[in-house]
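# Working through the structure, step by step
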Amino acid sequence: MGALKKVGTAGFMAAVLIAGYHFVVQPLIANKTLPGFYELGTFMLQANAAEAHAAGPQGGAPRKIAVHARNVTLEETDTFVRAIGTGRSVRTTNLYPETTGRVTTIAYQAGDYVEAGQTVITLDKANEELAVKQAELELRDAIDQVDRYERLIKSQTISEVQLRDARTARDKAQLALEKAQLDLQKRKIVAPFSGTLGIVAVEVGDLVDASTRLTGLDDRNKILVEFVVPERFANEVSRGGAVELATDAVPGRQFKGTITALDNRVDATSRTLRLRAQVSNPEGLLKSGMAFSVRVLLEGESWTAIPPLALKWDQQGAYVWVARAQKAERVSVRIIERNSDSILVDGDLKVGEVVITEATRGLRPGAPLALEAHPGFSLKVPSGPADGSALPEA
């Protein structure tokens, strides 16, 4: 038993000597770093450096972490409903002749703007002009006859019946003249309101009648767009509500409009409500019949908003770093809506609080902060300097 102990002790000592030669003596002879010792030393140096960096001069107060920050704002959710609509001019009509005739003049062409009352097309009118002249002569004779009878009645040369008949003839002549003038006026096709003409469908010399469409006329200063929304939004839309419209005919442009009319009932088949919106068209870019993509803006909810750079993630979810009393504090948040320049969140945040967007090194709860406004923005620190002044823009 003692011999076995001696053998075991000798074997252990031999193993120690072999290991020492391999891990200590041999690296020293070869001028190499001892295995394991380099990693241990590096770790200790890094730990000491981090501790020294966090501590102030001669082990004083910790150094502040320089950060960029912005204020929390209040924004509303972008609530809307999409629809497809068709546009038409605020006033539109087709021009037809009121009588049969042959086209003699065409004063305007497609795309021309005409004022209300201007003559667009004229039909042959020689017969009507003669009828007017004849009616004028007959009226003049009838008036002279009444004048003579009124002088003669004083001398009782004629009877009251003759004077009354003369006056009736004068009135009929007046009506005949007015009818002749009206027939002459019908030889002109005039614009009933100011607007832009469409393609003229006839040429000079064409014979037309009351069923011949001559051209179209649109008042395109404003465009009406009709569309439908699902019935669940029936009580969320109202006259005066805002809409945004876009069309492929004018790419890259967005037009602002206003709801001007709502139908008085929901369509029982499609379960939709028909609406009409009006949009100004001063440049004349929009035309009747165009298809529009419509966004009906609904009343949104107010939430605190942060810049996208302030939002962080880890295994526990979304959070932000907030500067409170010049120290970092982690606040968990829930995302409500993402926009291009802000994120609406729900969390322990107040409007005006300071959220950190960038930091020179890692943050930890309670870390002291040196706040600077995020480049391009101003920053006001609620619990900052005694004068409460805003930090200058970066």
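This text goes with the structure placed above it.
To keep things clear, this report deals only with the structure shown in the data block. If you're wondering where the values come from, they're calculated on a predicted model, not measured in any experiment.

Cut-offs used in this document
Residues numbered from 1 in each chain as written. Predicted model: local features only at pLDDT ≥ 70, side-chain atom pairs only at ≥ 80, totals over all residues. Heavy atoms only, no water. Helix = DSSP H or I, 4+ residues; strand = E, 2+ residues; numbered from the N terminus. Buried < 20%, exposed > 50% of the residue type's maximum accessible area, 1.4 Å probe, protein only. Contact = heavy atoms within 4.5 Å. Areas by Shrake-Rupley, 256 points an atom, 1.4 Å probe, with all protein chains shown as cover. Core = buried A, V, L, I, M, F, W, Y, C linked by side-chain atoms within 4.5 Å. Patch = residues over 30% accessible without salt bridge, like charges linked within 9 Å, V, L, I, M, F, W, Y side chains within 5 Å. Salt bridge = Lys/Arg side-chain N within 4 Å of Asp/Glu carboxyl O. Lys, Arg positive; Asp, Glu negative; His and termini not counted. Charge placed at Lys NZ, Arg CZ, Asp CG, Glu CD. Expected span 1.5 Å × (residues − 1). Axes fitted to C-alpha atoms, helices over the stretch in contact; angles between N-to-C directions. Parallel < 35°, antiparallel > 145°, perpendicular 65-115°, else oblique. Left-handed = near helix turned anticlockwise from the far one by under 90°. Nonpolar A, V, L, I, M, F, W, Y, C, P; charged D, E, K, R; others polar.

### Considerations on the overall build of the protein chain
Within the protein chain one finds four helices and 23 strands. A burial count over the protein chain gives 31% of its 394 residues as buried. Looking at the protein chain alone, contacts between residues at least 24 apart form 71% of all its contacts between residues at least 6 apart. Accessible surface for the protein chain amounts to roughly 24,400 Å². Of this, 54% is attributable to carbon and sulfur atoms.

### Digging into the nonpolar core
Core analysis: the largest hydrophobic core is formed by 23 residues, its most contacted members being F227, V229, V243, L286, F292, V294 and V296. Listing elements by their share of this core, those giving two or more residues are β3 (80-95), β10 (215-230), β11 (242-246), β12 (255-262), β13 (272-280) and β14 (291-297). Discounting residues that sit within four places of it in the chain, F292 has contacts with A83, I84, G85, G87, I223, V225, L245, A246, T247 and L286. Core analysis: the next-biggest nonpolar cluster, separate from the first, contains 16 residues, Y319, A328, A367 and A373 among them.

### Concerning a negative patch on the surface
Side chains of E138, D141, D144 and D147 sit close together on the surface and give a patch of like negative charge. Note that D144 resides in helix α3 (residues 126-152).

### Some thoughts on the pattern of salt bridges
Evaluation of the coordinates by the stated rule reveals 18 salt bridges. As a salt-bridge pair, R334 and D346 come within 3.1 Å of each other at their nearest N and O atoms. With R334 in strand β18 (residues 327-338) and D346 in strand β19 (residues 343-347), this residue pair connects regions lying 12 residues apart in the sequence. Among the residues examined, R334 registers a relative accessible area of 46% and is labelled partly exposed. In this structure, a network of salt bridges that share partners links the residues E226, D263, R274 and R276.

### As for α3
Relative to the 39 Å expected for 27 residues at 1.5 Å per residue, α3 spans 40 Å between its end C-alpha atoms, a close match to the ideal helical length. Every buried residue of α3 is listed here: E128, V132, A135, L139, A142, V146 and Y149. The elements touched by buried residues of α3 are α4 (160-185).

### Quick notes on the packing of α3 against α4
Relative orientation of the contacting elements α3 and α4 amounts to 160°, with a least axis distance of 8 Å. Judged by the angle between their axes, α3 and α4 are roughly antiparallel. Handedness of the α3/α4 crossing: left-handed. Split into classes, the residues belonging to the contact of α3 with α4 amount to 16 nonpolar, four polar and eight charged.

### Points about the environment of P365
On the secondary structure map, P365 appears in the loop between β20 (354-359) and β21 (369-373). Take P365: its relative accessible area is 62%, and that puts it in the exposed class. Note: C-alpha distance between P365 and R330 (35 residues apart in sequence) is 6.4 Å. Sequence-distant contacts of P365, that is, excluding residues within four places in its chain, are made with W321 and A328.

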